[in-house]
Number of protein chains: 2
Amino acid sequence: MTLKNLYGVSKLSDEQILNLKSAATRARINAITMVQAADSGHPAGAFSGIEIFLSVYALANLTPNNCDNLNRDNIIISHGHTSPGVYAVLAEFGFIDALEAVKNFRRCGSVFQGHVVREIPGIDWDTGNLGQGLSAGVGYALAQRARNFKNNVFVVMGDGAQTKGQLAEARRIAINENLNNIIALIDNNDIQICGHLDEIMKINLKEVWRADGWNVLECDGHNFNELFNAINQAKNFKNSPTVIICKTLMGKDGCAMEGTNEYHGKAPGEKIYFDIIKNLKGDENLLNTALEARKNNLPQKYFGREIKPITPNIETGNVITYEPNIKTDNRSAFGKALAQIGKLNYKNPDKTPILVFDCDLMPSVKTDEFKKYCPENFVQCGIQEHATATISGAASAGGVISLWADFGVFGIDEVYNQHRLNDINNAGNKLVLTHTGLDVGEDGATHQCIDYIGLMRNMFGWKIIVPADPNQTDRATRYMLKTPGCICLAMGRSKREVIKEFADDNFKFEYGKAIKLRSGNSGSIFALGYMTQIALKAADKLSSEKNINLNVYCVSSPLAPDLNAIREACNTKFILTVEDHNINTGMASIMALEMMKNNLHAEKFKNLGPDNFGPSGSSSDVRKLFGLSVDGIINAVNELI
Amino acid sequence: MTLKNLYGVSKLSDEQILNLKSAATRARINAITMVQAADSGHPAGAFSGIEIFLSVYALANLTPNNCDNLNRDNIIISHGHTSPGVYAVLAEFGFIDALEAVKNFRRCGSVFQGHVVREIPGIDWDTGNLGQGLSAGVGYALAQRARNFKNNVFVVMGDGAQTKGQLAEARRIAINENLNNIIALIDNNDIQICGHLDEIMKINLKEVWRADGWNVLECDGHNFNELFNAINQAKNFKNSPTVIICKTLMGKDGCAMEGTNEYHGKAPGEKIYFDIIKNLKGDENLLNTALEARKNNLPQKYFGREIKPITPNIETGNVITYEPNIKTDNRSAFGKALAQIGKLNYKNPDKTPILVFDCDLMPSVKTDEFKKYCPENFVQCGIQEHATATISGAASAGGVISLWADFGVFGIDEVYNQHRLNDINNAGNKLVLTHTGLDVGEDGATHQCIDYIGLMRNMFGWKIIVPADPNQTDRATRYMLKTPGCICLAMGRSKREVIKEFADDNFKFEYGKAIKLRSGNSGSIFALGYMTQIALKAADKLSSEKNINLNVYCVSSPLAPDLNAIREACNTKFILTVEDHNINTGMASIMALEMMKNNLHAEKFKNLGPDNFGPSGSSSDVRKLFGLSVDGIINAVNELI
């Protein structure tokens, strides 16, 4: 019953066409039954895409046997809501069992989710938020290239979302990087939720793709011969990537669902359902079988395959220790460690490739030295952060260590939802944010990234590291590159004094540990990242001038509060938090919730930090405004005592 | 000394050209002195744009006398880092005093910020994060149209950021809405931070603008005759908006700054500075004057004009009261109130126009009835959320009540940074998010907006309202439309029971008040929005079955915790929070920080809510997984007691 993969076939035989046509019929029957049984889903778009999905999965080097390997073709379904059609087609090729999908579609805990997920064999990217699929394809193509593989990357998209700006960005990066192995297909059924494309938002599909330098083909998206010809033509075209505009009919073969926007996102109802089943000569009992099955609990085995971020296999080299009295910026310490590690592993086929992405800020984010040593692993994406965020995520899913360095505001504020999708995908990309906090120079509120902790805290997989000095930055960079999962390293712009205690070759980075640098029982200060140096100066002054002795903790993992340290601090008279981050959403807020949940209280609790957007001025002037100076901290301590 | 505004002039006289040329020289002298005195800023881009800025401000109907009115031309400087050039040109036209800008550029607290802000007369939008300026221009143009004004909107942009996807979105919306009064100008100096455009990211400027239907003109961006001709040609062209690609030289007339990317973002240093001054025959003492002035504190008067969101002047009609036992979704209650108010004020020249924006989700977000009654005030933006977010913000700055309704994930997760810039701009737009929390149907993690509170909490101006039932939704809609400032109204998808206590024509919405619906001293529940109904059921069951009596508070303003209610609850045995929002970043987290700061503690504190991305399943199944059911709440209470 299972359809043969037709990878390498250049012309379809009559029998092959017949087989594909019956598969299309079966797939439509299964897809519509899923939706009707779940009484929820997107049937019409699923129906318009069936022949496209069948052709792509037929011609791709992607099978149930190789789908867990890295060296194979990738397929991204950008319009993940067409899942019923995708599942039904995956079943035809033996990736999954059709009946299980029919029974469990959109059931809580089932892998057959409303939008496609990587836990289903044959799916390479969780989608759902439109416009990101092509970027994911570019990420996979770059990972393929870094591993010297010669596979294709297919991206199937709807037409309504062709207007999303991120698509234009991804198109240009694909051209700039000569990713001629990408084949994009647009299901051009000319219907979106509110009507025909031209009624909603005019876009000249051919012209916008051509303007960005793509090879544009057109075909009948329900005709297997035309689809196969176009895909094979695209495979053989080596001057640029290709997009195939596939003319389709919304709800094709779906009776009353045909040609209307009404069944974009809802079940057809029994009347239309049985019309379709009759028309397609399907089993009239299938729906009942599904409905009966849905009365039971979900069986464990349908939870899908496990998706984990890759475990990097690289040498992380010898630490660089910056001696006290040397001042350097954390950015440079990061850049040096990255370049050293890059060089150490570059083009070593036994090591995981490291890809570094830039958005026209290389000299400021200090990835230029890496580029010098590892030119082929450096990807310039221009001022196109949305695509870059997704590309860097998908590249890591494609099996490389993927690192994007950017200013804080562009690297997280601008692209929060892209990183959220990376997290949902368990992608495991690395994000280096410079110019975070108030330490951005005189650029003003638009450039002050005082919300990176508050933003990342909304996701569940990300770690954030905010190193306090160049030595901790060096160690954290090595930790980040070697550790699986999504990790963000955040730092400011200015030169920093070395913390004496950290200037030691044996000094290690430990995620989740607050480092106690001063002891005292008058009170406790928790300082975030480089605020530690300022807190230490305040504490030392209070100790020498007023004999007030405080605990000072250096916090570098704000998302992972150190309960032992907090417990200890609760035995002193107060807790004062010091951070150049939004006072409502940073370290203090995280600590407060943990304390409340664990019934931990200091006598007094005060949080220092910006309570508004900061003005344009020198970082130290701006910090002073919000009490984040030696004097400001001393004043706060005096208030608390 | 002040240059004359040349609005309406079609051909420049020799004298006018001479005046403009000397203004350009003075502007360059002032601009470079600002940067050198501040030892910070972006001089080379400022120099390349001087003639463009002079031409635009000369030909626009925008003067120091009318710049606080609504009925005039708008000018958006999208690449706000060229501020030294803009300030110097504004001074030429008498908007500001040149010497004050020279003395105070980039000083902490000064209005002469690193990136332009609306507090400076003549500036219509705070920019700094690239790629948003054209969207802001579209927003202003739509506001102009809604008020029946016939003015032009000028948008000046750099060329490096032409790759940003949001630009393509804004281009299409401008075409779709026939905004032929927009004139965009690109300063095409062919240099971005890391090199020439083609070295960083290839883009065919002419082709991408043409592909989206714009009229494309080209001119020498340093030649006043050519600039004036092009702008006048654009003004007279009525078939589409026009973009003028102005060929310029990076750092023009800036000696060693010419033609290089080195002085994109730093001061030239004394050597080059004095070369430039000599070359331009400037006053060699100006720098010293500025440096001397910078030793003093900033005088109060340079803090700029006050920018406030508009105060809506509309009738909000009679409340609609939904009787108990009626079930309707909050979305529909919102849509009904909006349509009613829209109809009441539509085309009334004495009332503030209400503009409603959609991204192809009208039937789901319930703005279709508004569209029926107020077709000319409804703007379809297609699947282009980034542009829409900025457009809706700028439209409100342009003097209309601007409301965008979208699914939560698309309306805030995808466009956080756009709303952040709206907030920095004090724009005052209204954002209606439907499908928030876990109440999204079976669409899965990508569509579950369980972070809207955690995201908005990172900004400082936004209010969030999460109504519990249709009656509160009705009242909150009226409150939102009438209240100045950025306000977000967030709601789920499903039908909700009416809360008996709210089914009253006299029931009012009060921002910041937690409404106590049950009393008891065993413990206290704070429930967010529609979780109130579920909490009430649990409380009533505990009361009748176990004689456990609890306070139940309905929280609808999670960003504004009600300290009186919290204080009262701290006298009971526990506080239990119930919210279908990320457990780490929602109402509980806000309450915990407030409690910690105010030294308020309940004996026990527990927060219920999702601690991970939710699976795809029915909303009630998914809620149950996270303990957000009647039984889940009862279990939590039993644990706490």
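Here we summarise the structure given alongside this text. Keep in mind the model is a prediction, meaning the values are calculated, not measured. All residue numbers refer to position in the chain's written sequence, counted from 1. Each chain takes a letter, starting from A, and each ligand takes a number, starting from 1, following the order in which they are written. pLDDT decides what is reported in this predicted model: residues at 70 or higher carry local features, side-chain atom pairs at 80 or more are listed and counted, and totals for whole chains, interfaces and linings draw on all residues regardless. Excluding hydrogens and water, the side-chain figures rest on all heavy atoms present in the structure.

## Considering the overall build of chain A
Reasoning step 1: In this text, helices come from DSSP runs of H or I with a minimum length of four residues, and strands from runs of E with a minimum of two, each type numbered from the N-terminal end. When you go through chain A residue by residue, the secondary structure sums to 24 helices and 20 strands.
Reasoning step 2: The C-alpha atoms of chain A give a radius of gyration of 28 Å, which matches the 26 Å a tight globule of 641 residues would have.
Reasoning step 3: In terms of principal-axis extent, the alpha carbons of chain A reach across some 90 × 55 × 45 Å.
Reasoning step 4: Here the term buried applies to any residue with accessible area under 20% of the maximum for its type, exposed to any over 50%, and partly exposed to those in between, with areas from a 1.4 Å probe on protein chains only. Evaluated residue by residue, chain A yields a buried proportion of 69% over its 641 residues. Our radius of gyration looks at C-alpha atoms and nothing else; its globule reference is 2.2 Å times the residue count to the power 0.38.

## Looking at helix H11 (residues 286-293) of chain B
Residues and elements named next belong to chain B.
Reasoning step 1: All of the buried residues along H11 are Leu 286, Leu 287, Ala 290 and Ala 293. Down the axis of H11, the buried side of the element spans an arc of 130°, and every buried residue falls inside it.
Reasoning step 2: We call two residues in contact whenever any of their non-hydrogen atoms come within 4.5 Å of each other. Looking at the buried side of H11, the elements it contacts are helix H1 (14-38), helix H4 (98-104) and helix H10 (270-279). Within this analysis, the arc is defined by the directions that extend from the helix axis to the C-beta atoms.

## Regarding helix H17 (residues 416-424) of chain A
Residue and element names in this part refer to chain A.
Reasoning step 1: For H17, the buried fraction is high: nine of the nine residues fall into the buried class.
Reasoning step 2: Among all positions of H17, only Tyr 416, Asn 417, Gln 418, His 419, Arg 420, Leu 421, Asn 422, Asp 423 and Ile 424 are buried.
Reasoning step 3: In the segment just after H17, Asn 426 is the residue with positive phi, at about 55°.

## Focus on the side chain of B:Asn422
Residues and elements named next belong to chain B.
Reasoning step 1: Its location among the elements puts Asn 422 in helix H17 (residues 416-424).
Reasoning step 2: By relative accessible area, Asn 422 is classed as buried at 0%.
Reasoning step 3: In this structure, Asn 422 is in contact with Trp 125, Ala 389, Thr 390, Gly 393, Ala 394, Ala 427, Asn 429 and Cys 486, ignoring residues within four places of it in sequence.

## A short note on the side chain of B:His79
All names here are of chain B.
Reasoning step 1: Following the sequence through the fold, His 79 ends up in the loop between strand S1 (74-77) and helix H3 (83-92).
Reasoning step 2: Accessibility expressed as a relative area gives 4% for His 79, which makes it buried.
Reasoning step 3: Every residue in contact with His 79, bar those within four places of it in the chain, is listed here: Phe 53, Thr 127, Leu 130, Val 156, Met 157, Gly 158 and Asp 187.

## Focus on the relation of the copies chain A and chain B
In this arrangement, two copies of a chain are superimposed by a rotation about an axis accompanied by a shift along the axis.
Reasoning step 1: The transform that puts chain A on chain B rotates by 180° and translates by 0.0 Å along the axis, for an RMSD of 0.0 Å. Such values leave the two copies arranged in the relation of a two-fold axis. Closest to the rotation axis within chain A is the C-alpha of A:Gly165, separated from it by 1.8 Å.
Reasoning step 2: Same-surface contact between copies: 100% of interface residues of chain A are shared with the interface of chain B. Residues below a pLDDT of 70 in either copy are left out; the C-alpha atoms of the rest, at least 70 in both, set the least-squares superposition of the copies.

## As for the pattern of salt bridges
Reasoning step 1: Salt bridges are identified by distance alone: a Lys or Arg side-chain nitrogen within 4 Å of an Asp or Glu carboxyl oxygen. Evaluation of the coordinates by the stated rule reveals 64 salt bridges over all chains.
Reasoning step 2: A:Lys164 is the partner of B:Glu385 in a salt bridge, and the nearest nitrogen-oxygen pair spans 2.7 Å. Here B:Glu385 is found in helix H15 (residues 385-397), whereas its partner A:Lys164 is found in the loop between strand S2 (153-158) and helix H6 (165-176) on a different chain. Accessibility assignment for this pair places B:Glu385 and A:Lys164 in one class, buried.
Reasoning step 3: Across the salt bridge formed by A:Glu501 and A:Arg518, the nearest N and O atoms sit 3.2 Å from each other.

## A closer look at the interface of chain A and chain B
Often the size quoted for an interface is simply the accessible area lost on bringing the parts together.
Reasoning step 1: Taken together, the contact pairs 104 residues of chain A with 104 residues of chain B.
Reasoning step 2: Simply put, the buried area is the total loss of 1.4 Å probe accessible area from both parts when two parts are fitted together. Between chain A and chain B, roughly 8,300 Å² of surface is buried when both sides are summed, and carbon and sulfur atoms account for 57% of that area.
Reasoning step 3: The largest per-residue losses of area from chain A upon contact with chain B belong to A:Phe460, A:Met596 and A:Phe613, which jointly make up 9% of the total buried on that side.
Reasoning step 4: Summed over the shared surface of chain A and chain B, the number is ten salt bridges.
Reasoning step 5: Here B:Asp443 and A:Arg106 are joined by a salt bridge, their closest N and O atoms 2.7 Å apart.
Reasoning step 6: Definition of a polar contact: a pair of N or O atoms within 3.5 Å, with one able to donate and the other able to accept a hydrogen when the atoms are protein atoms, and with sequence-neighbouring residues admitted only if both atoms are side-chain atoms. Between the two partners, chain A and chain B, sit 57 residue pairs in polar contact (both at pLDDT 80 or more).
Reasoning step 7: Any residue that is not Ala, Val, Leu, Ile, Met, Phe, Trp, Tyr, Cys, Pro, Asp, Glu, Lys or Arg is counted as polar, Gly included; the first ten are nonpolar and the last four charged. By residue class, the composition of the side of chain A that touches chain B is 40 nonpolar, 41 polar and 23 charged.

## A closer look at the environment of B:Asp283
All names here are of chain B.
Reasoning step 1: With respect to the element layout, Asp 283 can be found in the loop between H10 and H11.
Reasoning step 2: In this structure the C-alpha to C-alpha distance between Asp 283 and Arg 26, which are 257 residues apart in sequence, comes to 10.0 Å.
Reasoning step 3: Of the polar contacts made by the side chain of Asp 283, one reaches the backbone nitrogen of Asn 285; its length is 2.7 Å.

## Focus on unusual backbone geometry
Residues and elements named next belong to chain B.
Reasoning step 1: Even without a glycine there, the phi angle at Asn 178 is positive, about 55°.
Reasoning step 2: When you line up the elements, Asn 178 lands in the loop between helix H6 (165-176) and strand S3 (182-188).
Reasoning step 3: Here the phi dihedral of His 435 falls at roughly 55°; this positive angle occurs in a residue that is not glycine.
Reasoning step 4: Take His 435: it is sitting in the loop between strand S12 (430-434) and helix H18 (452-456).

## Some remarks on the sheet that holds strand S6 (residues 215-220) of chain A
Within a beta sheet, neighbouring strands are joined by backbone hydrogen bonds and run either parallel or antiparallel to one another.
Residues and elements named next belong to chain A.
Reasoning step 1: Strands pair, by our definition, only if DSSP identifies at least two bridges between them. As summarised here, the arrangement of the five strands in space is S1-S2-S3-S7-S6, forming an open sheet in which the pairing is parallel. Here the strands that pair on one side only, and so sit at the sheet edges, are strand S1 (74-77) and S6. Mean inter-strand twist for the sheet, computed between neighbouring axes without regard to direction, equals 20°.
Reasoning step 2: Relative to strand S7 (residues 242-247), S6 runs parallel, the two being bridged by six bridges. Within S7, the residue paired with Asn 215 across the bridge is Thr 242.
Reasoning step 3: Note on method: axes are straight lines fitted to C-alpha atoms, helices fitted across the in-contact stretch only, with angles between N-to-C directions ranging 0 to 180 degrees. Sitting on the sheet, helix H2 (residues 43-59) touches S1, S2, strand S3 (182-188) and S7, and the angle it makes with S3 is about 155°.
Reasoning step 4: Against the sheet, helix H9 (residues 224-236) makes contact with S2, S3, S6 and S7, and its axis sits at roughly 165° relative to S6, the strand it touches most.

## Regarding the packing of helix H5 (residues 133-146) of chain B against H6(B)
Residue and element names in this part refer to chain B.
Reasoning step 1: For the pair H5 and H6, the least separation of the axes is 8 Å and the interaxial angle reads 25°. When the interaxial angle is binned, H5 and H6 end up roughly parallel. Viewed along their axes, H5 and H6 form a crossing whose handedness is left-handed. Contact residues: Leu 134, Ser 135 and Val 138 in H5; Gln 166, Leu 167, Ala 170, Arg 171, Ile 173 and Ala 174 in H6.
Reasoning step 2: Class assignment of the residues belonging to the contact of H5 with H6 gives a composition of six nonpolar, two polar and one charged. Angle categories: roughly parallel below 35 degrees, roughly antiparallel above 145, roughly perpendicular from 65 to 115, and oblique for all the rest. Handedness of a crossing follows from how the near helix is turned relative to the far one, being left-handed for an anticlockwise turn of less than a right angle and right-handed for a clockwise one.

## Quick notes on the packing of H15(B) against H17(B)
Residues and elements named next belong to chain B.
Reasoning step 1: Closest axis-to-axis distance for the H15/H17 pair is 8 Å, and the angle between their directions is 15°. By the angle between their axes, H15 is roughly parallel relative to H17. The element H15 and its partner H17 pack so that their crossing is right-handed. Contact residues: His 386, Ala 389, Thr 390, Gly 393 and Ala 394 in H15; Gln 418, His 419 and Asn 422 in H17.
Reasoning step 2: Grouping the constituent residues of the contact of H15 with H17 by class yields two nonpolar, six polar and no charged.

## What to know about the packing of aromatic side chains
Reasoning step 1: Classification of ring pairs uses Phe, Tyr and Trp, with its six-membered ring standing for Trp, and accepts pairs whose centres are within 6.5 Å; under 30 degrees between planes counts as stacked, over 60 as edge-to-face, and the remaining range as tilted. A full pass over the atoms with the stated rule returns 20 aromatic pairs over all chains.
Reasoning step 2: Relative to A:Phe274, the ring of A:Tyr273 lies with its centre 4.9 Å away and its plane at 80°, an arrangement referred to as edge-to-face.
Reasoning step 3: Classification of A:Tyr273 as buried rests on a relative accessible area of 0%.
Reasoning step 4: Taking relative accessible area as the criterion, A:Phe274 reaches 27% and is therefore assigned partly exposed.
Reasoning step 5: Ring centres of B:Phe502 and B:Phe507 lie 4.3 Å apart, and the angle between their planes is 10°; on these two criteria the pair is classed as stacked.
Reasoning step 6: For B:Phe507, a relative accessible area of 11% gives the class buried.
Reasoning step 7: One Lys or Arg, A:Lys463, reaches over the ring of A:Tyr511 and ends 5.3 Å from the middle of that ring.
Reasoning step 8: Note that B:Arg28 overlies the ring of B:Phe47, its terminal NZ or CZ placed 5.7 Å from the centroid. Cation placement over rings: the criterion is NZ of Lys or CZ of Arg within 6 Å of the ring centroid and within 35° of the ring normal.

## Looking at the pairing of S3(A)
Residue and element names in this part refer to chain A.
Reasoning step 1: Of all the seven residues making up S3, seven are buried; the element is thus mostly covered by neighbouring parts of the structure.
Reasoning step 2: Of the two faces of S3, the one carrying Ile 182, Ala 184, Ile 186 and Asn 188 and the one carrying Ile 183, Leu 185 and Asp 187 are both buried.
Reasoning step 3: Orient the strands so they point away from the viewer; a crossover is then right-handed if the path from the first strand over the helix to the second runs clockwise. Each parallel crossover has a hand, and the one from S2 via H6 to S3 is right-handed.

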